[in-house]
Amino acid sequence: MGALAVHDETFGDLLRSWRQRRRVSQLDLGIEAEVSARHISFLETGRAKPSRDMVMRLAEELDVPLRHRNTLLVAAGFAPVFPEREVRAPEMQVVRQALDKILAGHEPYPALVVDAAWDLVAANAAAAMFMEGAPAELLKEPINVMRLSLHPEAMGGRLLNLAEVRAHLLHRLRRQAEASGHGRLAELHDELAAYTYPGVDLNVAHAPGIADIIVPLRISHGDRVLSMFTTIATFGTPVDVTVSELAIETFWPNDDETAAAFR
């Protein structure tokens, strides 16, 4: 099991923080958890101590990430429940096999796996196109996919619709930072938002029209323009911290020309 960070906050502090992050009142949380709003108030002020089952129930109702459920348990005086294993650990063989099948099965189109901080965990051969021409410092482990996507000397310099893709990715990153409580995401958002692109007006983005369904990635690749859209998948019922934080991003051709180029 991975080491837990030491937090100064009490269980009540953490509970209040997650309740406020989810924009849920004490009354609403009490109704969902089948306790009184007064009891929720007592838990937050430290006048009452939660049972282990109560910690788990409140964390479930607030959709707290598994990593932070462990933190809540420890703050309440209980042992953490959810293990955190390395992806390369022997007991993660089933997960690795599943990821390998997904990545290989998606070829000839790109696909990659990232962790909670958008660091690259695995990728198929087709995803190498995203790293072409990137500065060496961006390709050092761990490779951050968001940084690679928006850096002006990497994919950010090859995106033909940079303004709208950048706005979309920064919005996603900000929402994830707020929802997950992951400090690195907030720092990453601020770093990427500070990137400059000489000659590019970041305030000019295509306004979606009635025929638009998705925001494509329009990438300059050699003498071609590749147009792709992405989907993101996660494991449905994880009980391991690492597995719960993995996301599989798959890239699909948005037109016949792009499909032909990959084939």
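Our subject in this report is the structure included herewith.

### A closer look at the side chain of His-68
No. 1: Of note, His-68 is situated in helix α5 (residues 66–75).
No. 2: Once residues lying within four places of it in the same chain are set aside, the contact partners of His-68 are Trp-18, Ser-180 and Gly-181.

### What to know about the pattern of salt bridges
No. 1: What the rule picks out here adds up to 10 salt bridges.
No. 2: A salt bridge links Arg-16 to Asp-13; its shortest N-O distance comes to 3.4 Å. Of this pair, Arg-16 and Asp-13 are both found in helix α1 (residues 11–21), 3 residues apart, which corresponds to roughly one turn of the helix.
No. 3: Arg-16 sits in the partly exposed class, given a relative accessible area of 25%.
No. 4: Glu-91 serves as the salt-bridge partner of Arg-85, at 3.7 Å between the closest nitrogen and oxygen.
No. 5: The exposure class assigned to Arg-85 is partly exposed, which follows from its relative accessible area of 31%.
No. 6: Connected via shared salt-bridge partners are Asp-13, Arg-16, Arg-19 and Glu-44.

### Points about the pairing of strand β4 (residues 224–233)
No. 1: Pairing of strand β3 (residues 217–221) with β4 involves 5 bridges; the strand directions are antiparallel. Bridge pairing in β4 links Leu-217 to Met-228.
No. 2: Joining the antiparallel neighbours β3 and β4 is a turn of 2 residues, in which Gly-222 adopts a positive phi near 65°.

### As for the sheet that holds strand β1 (residues 111–114)
Backbone-to-backbone hydrogen bonds pair the strands of a sheet. The strands run either parallel or antiparallel.
No. 1: The 5 strands lie next to each other as β2-β1-β5-β4-β3, forming an open sheet whose pairing is antiparallel. With partners counted over all chains shown, the strands left at the sheet margins are β2 (120–123) and β3, one partner each. The mean inter-strand angle of the sheet, taken between neighbouring strand axes irrespective of direction, is 30°.
No. 2: Note that β4 and strand β5 (residues 247–253) share 6 bridges and pair antiparallel. Paired with Ala-233 across the bridge in β5 is Ile-248.
No. 3: On top of the sheet, helix α6 (residues 93–105) reaches β1, β2 and β5; it is set at about 150° to β1, its chief contact.

### Side note on a negative patch on the surface
No. 1: On the surface, a cluster of negative charge is made up of Asp-28, Glu-32, Glu-34 and Glu-61.
No. 2: Looking at where Glu-32 falls in the secondary structure, it is placed in helix α2 (residues 26–33).

### A look at the packing of aromatic side chains
No. 1: In total, this model carries 2 aromatic pairs according to the counting rule given.
No. 2: Note on Tyr-109 and Phe-262: the rings are 5.7 Å apart at their centroids and 85° apart in plane angle, and the pair reads as edge-to-face. One end of the pair, Tyr-109, is in the loop between α6 and β1; the other, Phe-262, is in helix α11 (residues 256–262), with 153 residues separating them in the sequence. Each member of the pair, Tyr-109 together with Phe-262, is buried.
No. 3: Judged by centre distance (4.6 Å) and plane angle (45°), the ring pair of Phe-130 and Phe-251 falls under tilted. Here the residue Phe-130 occupies a position in the loop between β2 and α7 (145–150), and Phe-251 occupies one in strand β5, the gap between them amounting to 121 residues. One exposure class covers both Phe-130 and Phe-251, and it is buried.
No. 4: Seen from the ring of Trp-18, Arg-21 lies directly overhead, with NZ or CZ sitting 4.4 Å from the centre.

### Points about the packing of α1 against α5
No. 1: Their axes nearest at 8 Å, the elements α1 and α5 cross at an angle of 145°. Crossing geometry of α1 relative to α5 is assigned as left-handed. From α1, Phe-11, Leu-14, Leu-15 and Trp-18 reach across to α5, where they touch His-68, Thr-71, Leu-72 and Ala-75.
No. 2: Classifying every residue of the contact of α1 with α5 by side-chain character gives 6 nonpolar, 2 polar and no charged.

### Concerning the packing of α2 against helix α3 (residues 37–45)
No. 1: Between α2 and α3, the least distance of the axes is 8 Å, while the angle of their chain directions is 110°. For the element pair α2 / α3, the angle class is roughly perpendicular. Listed contacts from α3 to Gln-26, Leu-27, Leu-29 and Gly-30 of α2 are Ala-37, Ile-40, Ser-41 and Glu-44.
No. 2: Considered class by class, the residues forming the contact of α2 with α3 number 4 nonpolar, 3 polar and 1 charged.

Calculation notes
Residues numbered from 1 in each chain as written. Predicted model: local features only at pLDDT ≥ 70, side-chain atom pairs only at ≥ 80, totals over all residues. Heavy atoms only, no water. Helix = DSSP H or I, 4+ residues; strand = E, 2+ residues; numbered from the N terminus. Contact = heavy atoms within 4.5 Å. Salt bridge = Lys/Arg side-chain N within 4 Å of Asp/Glu carboxyl O. Buried < 20%, exposed > 50% of the residue type's maximum accessible area, 1.4 Å probe, protein only. Pairing = 2+ DSSP bridges. Axes fitted to C-alpha atoms, helices over the stretch in contact; angles between N-to-C directions. Patch = residues over 30% accessible without salt bridge, like charges linked within 9 Å, V, L, I, M, F, W, Y side chains within 5 Å. Areas by Shrake-Rupley, 256 points an atom, 1.4 Å probe, with all protein chains shown as cover. Lys, Arg positive; Asp, Glu negative; His and termini not counted. Charge placed at Lys NZ, Arg CZ, Asp CG, Glu CD. Phe/Tyr/Trp six-rings, centres within 6.5 Å; stacked < 30°, edge-to-face > 60°. Lys NZ or Arg CZ within 6 Å of the ring centre and 35° of its normal. Left-handed = near helix turned anticlockwise from the far one by under 90°. Nonpolar A, V, L, I, M, F, W, Y, C, P; charged D, E, K, R; others polar. Parallel < 35°, antiparallel > 145°, perpendicular 65-115°, else oblique.

These figures come from the coordinates and say nothing about function on their own.
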